[in-house]
Amino acid sequence: VICMMHAADGYIALFPFYYGLGGGEKEHVYQDSKTEANSTIYMIKACREIYAKIGASTSGQLFITGYSQGGHAAMATHKMLESGAFPEVKLTASAPMSGAYDMVGVQSKTMFQKYDQPHYLPYLIISYQYAYHLWPGDIYSLFKAPYNTELKAVFAEPRSKDFGYVNSILPKVPGDMIIDSMVQAFKTDSMMPFTCKLRENCLWNWVPKAPMQMCACYGD
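Because the structure is predicted, anything quoted here is derived from the model rather than measured. (Residues numbered from 1 in each chain as written. Predicted model: local features only at pLDDT ≥ 70, side-chain atom pairs only at ≥ 80, totals over all residues. Heavy atoms only, no water.)

1. Remarks on the pattern of salt bridges
We apply this condition: Note on definitions: salt bridges are taken to be side-chain nitrogens of Lys or Arg within 4 Å of carboxyl oxygens of Asp or Glu. Under the scheme used here, helices are H or I runs from DSSP no shorter than 4 residues and strands are E runs no shorter than 2 residues, and both carry numbers assigned from the N terminus. Each residue is assigned to one of three classes by its accessible area relative to the maximum for its type, calculated with a 1.4 Å probe on protein chains only: buried under 20%, partly exposed between the two thresholds, exposed over 50%.
On inspection of all chains with the given rule, the structure shows four salt bridges. Put simply, K144 and D180 hold a salt bridge, and the shortest N to O gap is 3.3 Å. Of this pair, K144 sits in the loop between α6 (120-132) and α7 (147-154) while D180 sits in helix α9 (residues 180-188), placing them 36 residues apart in sequence. Given the relative accessible area of 30%, K144 is considered partly exposed. In this structure D180 comes out as exposed when scored by relative accessible area, which is 57%. A salt bridge links E200 to K197; the nearest nitrogen and oxygen atoms lie 3.3 Å apart. Of this pair, E200 and K197 both sit in helix α10 (residues 193-200), separated by three residues, roughly a single helical turn.

2. Comments concerning the packing of aromatic side chains
We apply this condition: Within 6.5 Å between ring centres, the rings of Phe, Tyr and Trp (the latter by its six-membered ring) count as paired, and their orientation is classed by plane angle as stacked under 30 degrees, edge-to-face over 60, tilted in between. Only lysine NZ and arginine CZ atoms are considered, and such an atom sits over a ring when it is within 6 Å of the ring centre and within 35 degrees of the ring normal.
Applying the stated criterion across every chain yields a total of 12 aromatic pairs. Summarising the aromatic geometry, the rings of Y30 and Y120 are spaced 5.6 Å apart at their centres and angled 70 degrees between planes, so their arrangement reads as edge-to-face. In this pair, Y30 is assigned in the loop between α1 (2-8) and α2 (33-48) and Y120 in helix α6, connecting sequence segments 90 residues apart. A residue is classified by how much of its surface remains accessible, and Y120, at 5% relative accessible area, is buried. Considering the side-chain rings of Y30 and Y123, the 4.6 Å spacing of their centres and the 10 degrees angle between planes classify their relative orientation as stacked. Pair noted here: Y30 is in the loop between α1 and α2 and Y123 is in helix α6, with a separation of 93 residues, a long-range link. The burial state of Y30 is the same as that of Y123; both residues are buried. An aromatic cluster of three or more residues is present, and its members are F112, Y128, Y132, W135, F186 and F194. One residue, K161, lies across the ring of Y165, its end atom 4.7 Å from the ring centre. Directly above the aromatic system of F112 lies the positively charged group of K187, at a separation of 4.5 Å from the ring centroid.

3. Observations concerning the pairing of strand β1 (residues 63-67)
Filter applied, for reference: When DSSP locates at least two bridges between a pair of strands, those strands are taken to pair. Throughout, right-handed denotes a crossover for which the path from the first strand over the helix to the second runs clockwise when the strands point away from the viewer.
Burial of β1 is one-sided: the residues I64 and G66 facing one way are buried, the residues F63, T65 and Y67 facing the other way are not. Of the strand pairs in this sheet, β1 and strand β2 (residues 93-97) are connected by five bridges, and their pairing is parallel. Residue pairing across strands places Y67 opposite M97, the latter belonging to β2. Note on the crossover from β1 through helix α4 (residues 69-82) to β2: the handedness is right-handed.

4. Digging into α7
Spelled out, the test is: An arc is given here, and it is the one of the directions from the helix axis to the C-beta atoms. By definition, residues are in contact when any of their heavy atoms lie within 4.5 Å.
For α7, the set of buried residues is Y147, L151 and V154. Down the axis of α7, the sector holding all buried residues measures 60 degrees, keeping them to one side. Summarising the geometry of α7, the exposed residues directed more than 90 degrees from the buried face are T149 and A153. In this fold, the buried residues of α7 make contact with α6 and α8 (163-168).

On their own, these measurements won't tell you what the molecule is for.
See the structure below:
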């Protein structure tokens with residue numbers, strides 16, 4: 001629907017799947033800036049190869065946008081394009097919306113307050129365990145009962161529950177589902193491996209050259 005709306009306004013619209021989505025053989029890694037940016041840029045490059053075959057042409061302008069994780073992905077893509085990693089892809093402007101760009105600061109503090117989307121935290125922890133192998137043993141042991149068994153069932157493959165259901169079984173304060181020892185370590189050890197990976201995926205510490213419009217919505 002989003003692509004059709006943009007296409008109706010005269011854009012060629014691309015809707016990339018992040019790694020592990022769209023029937024891929026891997027797990028989806030949530031809030032991972034490198035794979036978000038790469039999946040976007042590779043799709044741009046691939047689609048440019050077929051424009052002539054389908055009789056399409058563009059003005060040469062490129063705009064990136066996205067919402068929630070898409071906002072994080074849009075900013076990650078903007079940052080990567082301006083790093084010089086893909087000099088053949090020139091960005092015109094971006095509009096990241098409601099992304100968790102400061103994952104160590106603002107977003108981490110939010111995890112210890114009432115939050116409309118508590119599924120964010122287990123999805124993040126489980127994703128980072130898959131990507132970075134940060135904790136030994138069963139990742140679900142980091143969650144208090146009964147959330148440990150409930151989340152294990154929800155995140156088992158194939159996944160059949162949507163995030164509305166996941167939110168309904170979780171506490172309103174996301175941090176309340178995590179065992180006390182991990183919470184204590186997170187709050188006191190700034191070099192905890194999990195915190196280090198969050199820091200790697202923060203996107204606030206750079207200055208874009210191309211125009212960037214940032215939008216935000218309540219609860220995200």
